[in-house]
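Structural characterization, general
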Amino acid sequence: GQQLNQSPQSMFIQEGEDVSMNCTSSSIFNTWLWYKQDPGEGPVLLIALYKAGELTSNGRLTAQFGITRKDSFLNISASIPSDVGIYFCAGYAGGTSYGKLTFGQGTILTVHP
Amino acid sequence: EAEVAQSPRYKITEKSQAVAFWCDPISGHATLYWYRQILGQGPELLVQFQDESVVDDSQLPKDRFSAERLKGVDSTLKIQPAELGDSAMYLCASSSGFFRPQHFGDGTRLSIL
């Protein structure tokens, strides 16, 4: 089945720095989703991408749907302590009529004040 | 606060006992999902409903797990008997349809003693 390779696995940054993470696959995806999960809570949807090349922002977050449709990127600008958490990419590929969401392994973000 | 309601938030029980989780999706969302998430990993789909019908339960261990959505609104996931390896976070999500962004509840953290 489809697999998503998310990198980096973890990041340790200083408050105020920018962050970049990405997700790649050997398969074509039709929709990319980015989620943030805090400890003990469910994933929260940050950004949804639907077209190749699409660039979408949500506050300090910006995500892009790769031109090849096999990758997606998430950038966080001017990080703050509350950005700490696990970021997951997820996507819908073809292959099923009902849409099975595939998740990456997650990127653990730590922000030092 | 998540718009998908789940209860209980935490459940501690002994192996061989029965456990049940409840989920109320976002109003109007026809598609409902149950996921299991092991610490440090992305969510894994257990079962997907469209209205009251099961669309995909290929990863549901049917010898001990069951799920129902009798009226096509709220849903219950049951484990009987529980095993030590079932300890995990159980997440419910809903979407407005196939291939649409999924919105998660805060989950039930299950610990089997």
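First, a word on scope: everything that follows refers to the structure included in this document. (Residues numbered from 1 in each chain as written. Chains lettered and ligands numbered in written order. Predicted model: local features only at pLDDT ≥ 70, side-chain atom pairs only at ≥ 80, totals over all residues. Heavy atoms only, no water.)

Remarks on the overall build of chain A
When helices and strands are tallied, chain A shows zero helices and eleven strands. The secondary structure elements of chain A, listed N-terminal to C-terminal, are β-β-β-β-β-β-β-β-β-β-β. Relative to a compact globule of 113 residues, whose C-alpha radius of gyration would be 13 Å, chain A shows 14 Å and is just as compact. For the C-alpha atoms alone, the extent of chain A along its principal axes is close to 45 × 30 × 20 Å. The proportion of buried residues among the 113 residues of chain A is 44%. (Helix = DSSP H or I, 4+ residues; strand = E, 2+ residues; numbered from the N terminus. Rg over C-alpha atoms; globule rule 2.2 N^0.38 Å. Buried < 20%, exposed > 50% of the residue type's maximum accessible area, 1.4 Å probe, protein only.)

Overview of the environment of B:Trp22
All names here are of chain B. With respect to the helices, strands and loops of the structure, Trp22 is situated in strand β3 (residues 19-24). Taking the C-alpha atoms as reference points, Trp22 and Leu46, 24 residues apart in sequence, are found 14 Å from one another. Those residues in contact with Trp22, other than ones at most four positions away along the chain, are Ala5, Gln6, Ser7, Trp34, Asp74, Ser75 and Thr76. Among the polar contacts listed, one links the side chain of Trp22 to the side chain of Asp74, at a separation of 2.8 Å. (Contact = heavy atoms within 4.5 Å. Polar contact = N/O pair within 3.5 Å; in protein donor to acceptor, adjacent residues only side chain to side chain.)

Some thoughts on the state of the cysteines
Simply put, disulfide is the name for a covalent bond between the sulfur atoms of two cysteines. Inspection of every chain in the model, using the stated rule, returns two disulfides over all chains. One disulfide bridge connects A:Cys23 with A:Cys89, the sulfur atoms lying 1.8 Å from each other. One end of the pair, A:Cys23, is in strand β3 (residues 19-24); the other, A:Cys89, is in strand β9 (residues 85-93), and 66 residues separate them in sequence. Taken as a pair, A:Cys23 and A:Cys89 share a single burial class, namely buried. A sulfur-sulfur separation of 1.9 Å characterises the disulfide bridge that pairs B:Cys23 with B:Cys92. Residues B:Cys23 and B:Cys92 are joined by a disulfide whose S-S torsion is about -70°; by sign, that bridge is left-handed. Remark: B:Cys92 occurs in strand β9 (residues 88-95) and B:Cys23 occurs in strand β3; sequence separation between them is 69 residues. B:Cys92 matches B:Cys23 in its accessibility class, with the two residues each being buried. (Disulfide = S-S within 2.5 Å.)

Quick notes on the interface of chain A and chain B
Taken residue by residue, the interface counts 23 residues in chain A and 25 residues in chain B. Summed over both partners, the interface of chain A with chain B buries about 1,800 Å², with 57% contributed by carbon and sulfur atoms. Per-residue buried area on chain A facing chain B is highest for A:Tyr92, A:Tyr98 and A:Phe103; these three make up 31% of the total on that side. Our enumeration of links across chain A and chain B arrives at zero salt bridges. There are seven residue pairs in polar contact (both at pLDDT 80 or more) connecting chain A and chain B. Taken together, the elements giving at least two residues each to the side of chain A that touches chain B come down to β4 (29-37), β5 (44-49), β9 and β10 (101-103) of chain A. Of all the elements, β4(A) adds the most residues to the side of chain A that touches chain B, at four residues. (Buried area = accessible area lost by both parts, 1.4 Å probe. Salt bridge = Lys/Arg side-chain N within 4 Å of Asp/Glu carboxyl O.)

Remarks on the sheet that holds strand β8 (residues 75-79) of chain B
Residue and element names in this part refer to chain B. Read from one edge of the open sheet, four strands run β1-β3-β8-β7, paired in antiparallel fashion. Edge positions in the sheet fall to β1 (5-7) and β7 (65-68), since each has one partner strand and no second. Each strand of the sheet is rotated relative to its neighbour by a mean of 15°, with strand direction disregarded. Direction of pairing for β7 relative to β8: antiparallel, over a ladder of four bridges. Bridge pairing links Ala67 to Leu77 in β8. (Pairing = 2+ DSSP bridges. Axes fitted to C-alpha atoms, helices over the stretch in contact; angles between N-to-C directions.)

Side note on the environment of A:Asn30
Residues and elements named next belong to chain A. Looking at where Asn30 falls in the secondary structure, it is placed in strand β4. Classification of Asn30 as partly exposed rests on a relative accessible area of 30%. Along the backbone, Asn30 and Gly99 are 69 residues apart, and their C-alpha atoms lie at a distance of 10 Å. Every residue in contact with Asn30, bar those within four places of it in the chain, is listed here: Leu49, Tyr50, Phe65, Arg69, Tyr92, Ala93 and Gly94.

All quantities given are derived from atomic positions and should not be read as evidence of function.
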